[in-house]
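Understanding the architecture of this molecule
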Amino acid sequence: MYIVHISSELAPVAKVGGLADVVFGLSRELEIRGNDVEIILPKYDCLWYGEIWGLDATYHDLWVPWGGGGVHCTVYFGMVHGRRCYFIEPHSHENYFNRGSFYGSPDDALRFAFFCKAAIEFLLKSGKRPTIIHCHDWQTGLVPVLLWEIYHRMGMHDQRVVYTIHNFQHQGVHGEPVLSGTGLHRPDYYFDRDRLGDDHNPKAINMMKGGIVYSSFVTTVSPKHAWEARYTDQGKGLGHTLSVHGGKFGGVLNGVDYEVWNPEIDRFLPHHYDVWHLDGKYANKEALRERLMLRKDYKPLIAYVGRLDHQKGLHLVRHAMFYALHRGSQFVLLGSSPDPGVNNEFWGLKHHLNDNPDIHIELGFNEQLAHLIYAGADMLVVPSVFEPCGLAQLIALRYGTVPIVRSVGGLADTVFDRDYAPMPFEYRNGYVFDNTDFSAVESAMDRAIGLWYEFPKEFRRLLSNGMVYDYSWNHPAHHYLAIYNHVKAW
Ligand code: GLC
């Protein structure tokens, strides 16, 4: 099958969050299964160019209708770790993709509306007719709208769109210029609440809503989150739309790339290990302590790895840090935030705790250290307020690091409480808590730390249970292929 992903992120060249990893991991797995997969991205100035092989202009004169006129674009082709990618570069004074960062400009909605238009125009003009166009998040929500309302009649009648929502928090809500720019026009028609009209702001259109209404199938990244988005406030205003389109909406759990995240072959680890040979894990714990100058002591090591975003339950992350120390454990945090306020707060904490030999706070992005932390830690806390899927707990499981998670979204679908999950012991793989108050995270941490100190053999059994789960892309790829087959034109 010929599948084209249209996305604003791809790991490792354009990565802000988990979306980048998903587009890479899913494309790779689909290709392994014999499908023809291409990825269309903006040609940002801040792409990680060192990771693109053979980048070359392949299409010089793409003329994209925009507003009253048009924008001349060049399309580049390049390989990203084996993936076939097209990068669109517009030449206009707006410099849409030369902003030094992926997101965060006041005209983001217009930048990505333009990207939608340019990507589909590129497919049209280059004669590419994929069976499936797979779009992701609000940035590409207009693709199915444009396809159905305009390009359908121009020879693209057999293309079907699958739309995956990784995060309902950002929906691409903007005014009329998005319509006039892309050539959709007809504000009366599109501002209708059954089409793109935003439910909160009657003067705005909602690009994610467009993606939901116009796609052949809509997914989010775990079954539990699909339910939460539809029936709770986690849909951030789109619950009604999801219910109206409930027959074409579902959750597909993400996978992890086990080529990259695998303690048996991980190139960043000083010691390799597997479920039968756990000594390497403990050697990595010592290596981690040495690297971060933590004291060597008979104590469990608890970690947090991830973005420092409010979504992640920062008040609980902070509390878990101090509670770990209080309960005779060590703590390592690796993360960063685009929000200067949050960053300053964690710099303050780092400063305050600098002399404590049981804790280390590393602010920033450090891939190598992330691998060593997943391998060396005994437990990982993920106390998210909401979590569509979450990657950290899946990696932790693979590395024999016991996840302690809040029972939301993908966390609830992948981590099963050692003491309370309604299933045989060998399927239980971590600790789960429900509420967002301090006592909730404390009680789960107490149970984990208690087991580590008092029943070390049982703790080993628990982490071994987690290591043999298969959270690779194997199952998700099957699932997506079933969806593609379900919606493709006959
Ligand atoms: C977003 C979500 C995260 C998910 C990722 C990939 O970053 O917040 O939960 O794992 O997308 O789908």
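About the cut-offs
Residues numbered from 1 in each chain as written. Predicted model: local features only at pLDDT ≥ 70, side-chain atom pairs only at ≥ 80, totals over all residues. Heavy atoms only, no water. Domains from an automatic or database assignment. Contact = heavy atoms within 4.5 Å. Salt bridge = Lys/Arg side-chain N within 4 Å of Asp/Glu carboxyl O. Polar contact = N/O pair within 3.5 Å; in protein donor to acceptor, adjacent residues only side chain to side chain. Helix = DSSP H or I, 4+ residues; strand = E, 2+ residues; numbered from the N terminus. Nonpolar A, V, L, I, M, F, W, Y, C, P; charged D, E, K, R; others polar. Near = heavy atom within 4 Å. Areas by Shrake-Rupley, 256 points an atom, 1.4 Å probe, with all protein chains shown as cover. Pairing = 2+ DSSP bridges. Axes fitted to C-alpha atoms, helices over the stretch in contact; angles between N-to-C directions. Buried < 20%, exposed > 50% of the residue type's maximum accessible area, 1.4 Å probe, protein only. Right-handed = clockwise from strand over helix to strand, strands pointing away. Phe/Tyr/Trp six-rings, centres within 6.5 Å; stacked < 30°, edge-to-face > 60°. Lys NZ or Arg CZ within 6 Å of the ring centre and 35° of its normal.

1. Quick notes on the domain arrangement of the protein
By domain assignment, the protein separates into domain 1 (2-255 + 474-488) and domain 2 (279-467). Each side of the interface is counted separately: domain 1 has 16 residues, and domain 2 has 14 residues. Inspection of the domain 1/domain 2 interface yields 0 salt bridges. Where domain 1 touches domain 2, the interface holds 5 residue pairs in polar contact (both at pLDDT 80 or more). When residues of the side of domain 1 that touches domain 2 are assigned to their parent elements, the largest contribution, 4 residues, is made by helix α7 (residues 223-231). Each residue belonging to the side of domain 1 that touches domain 2 can be placed in one class, and the counts come to 4 nonpolar, 8 polar and 4 charged.

2. With respect to the site of the ligand
Of all residues adjacent to the ligand, which total 13 residues, the nearest are His166, Asn254, Gln311, Glu387 and Gly390. A distance of 2.7 Å separates an oxygen atom of the ligand from a polar side-chain atom of histidine 166. Residue glycine 390 places a main-chain N or O atom 2.8 Å away from an oxygen atom belonging to the ligand. Compared with its free state, where it exposes 310 Å², the ligand has 94% of that area covered by protein. No other element matches helix α1 (residues 18-32), which puts 3 residues into the shell around the ligand. When grouped by side-chain class, the residues that make up the shell around the ligand number 5 nonpolar, 6 polar and 2 charged.

3. Some remarks on the environment of aspartate 199
As for its position among the elements, aspartate 199 is in the loop between α5 (187-190) and β9 (205-206). In this structure the C-alpha to C-alpha distance between aspartate 199 and leucine 238, which are 39 residues apart in sequence, comes to 8.0 Å. In contact with aspartate 199, other than residues within four places in its own chain, are Arg193, Lys209, Gly237 and Thr241. Looking at aspartate 199, its side chain comes within polar contact range of the side chain of arginine 193, at 2.6 Å.

4. Considering the sheet that holds strand β14 (residues 359-363)
Strand order in the open sheet made by the 6 strands is β14-β13-β12-β15-β16-β17, with parallel pairing throughout. Both outer strands of the open sheet, β14 and β17 (431-433), are each paired with one neighbouring strand and no more. Within this sheet the neighbouring strands show an average axis-to-axis angle of 15°, counted without direction. By the bridge criterion, 3 bridges tie strand β16 (residues 402-406) to β17 in an arrangement that is parallel. Bridge pairing links arginine 406 to phenylalanine 433 in β17.

5. Details of helix α12 (residues 367-376)
Among the 10 residues in α12, 8 count as buried, and that is most of the element. All buried positions along α12 are accounted for by Leu369, Ala370, His371, Leu372, Ile373, Tyr374, Ala375 and Gly376. Contacts made by the buried residues of α12 are with α9 (279-292), β12 (301-307), β13 (330-336), β14, β15 (379-382) and α13 (392-398). The N-cap residue of α12 is asparagine 366: its side-chain oxygen and the backbone nitrogen of glutamine 368 are 3.3 Å apart.

6. Things to note about the environment of arginine 28
Structurally, arginine 28 is set in helix α1. Other than its neighbours up to four places away in sequence, arginine 28 contacts Arg83, Asp257 and Glu259.

7. Quick notes on the pairing of β14
Counting buried residues along β14, 4 of its 5 residues qualify, which places the element largely inside the surrounding structure. Regarding the hand of the β-α-β motif, the stretch spanning β13, helix α11 (residues 340-352) and β14 is right-handed.

8. With respect to the pattern of salt bridges
For the structure shown, the criterion picks out 30 salt bridges. Taking the shortest distance from any N to any O, the salt bridge between aspartate 107 and arginine 99 comes out at 2.8 Å. Given the relative accessible area of 26%, arginine 99 is considered partly exposed. A salt bridge links arginine 318 to glutamate 345; the shortest N-O distance between them is 2.4 Å. Of this pair, arginine 318 sits in helix α10 (residues 314-326) while glutamate 345 sits in helix α11, and the two are 27 residues apart along the sequence.

9. Re the environment of alanine 448
By the element assignment, alanine 448 lies in helix α15 (residues 438-454). Remark: the alpha-carbon pair of alanine 448 and lysine 312, spanning 136 residues in sequence, is separated by 20 Å.

10. Some points on unusual backbone geometry
Between alanine 11 and proline 12 the backbone carries a cis peptide bond, its omega angle lying at -5°. Summarising the element assignment, proline 12 is placed in the loop between β1 (2-6) and α1. Of note in the backbone geometry, histidine 185 takes a positive phi value of approximately 50° without being a glycine. Relative to the helices and strands, histidine 185 is located in the loop between α4 (177-182) and α5. Exposure remark for histidine 185: the relative accessible area of 41% places this residue in the partly exposed category.

11. With respect to the packing of aromatic side chains
Scanning the model with the defined rule gives 24 aromatic pairs in all. For the ring pair tyrosine 86 and phenylalanine 122, a centre distance of 5.1 Å and an interplane angle of 55° mean the geometry is tilted. Taken as a pair, tyrosine 86 in strand β5 (residues 83-91) and phenylalanine 122 in helix α2 (residues 108-126) lie far apart in primary sequence, 36 residues in all. Each member of the pair, tyrosine 86 as well as phenylalanine 122, is classed as buried. On the basis of an interplanar angle of 15° and a centroid distance of 5.3 Å, the ring pair of tyrosine 469 and tyrosine 471 is categorised as stacked. You can call tyrosine 471 buried: its relative accessible area is 8%. An aromatic cluster of three or more residues is present, and its members are Tyr44, Trp66, Tyr96, Phe97, Phe102, Tyr103, Phe112, Phe114, Phe115 and Trp138. Just above the ring of tyrosine 76 sits the side chain of lysine 43; from NZ or CZ to the centre is 4.5 Å.

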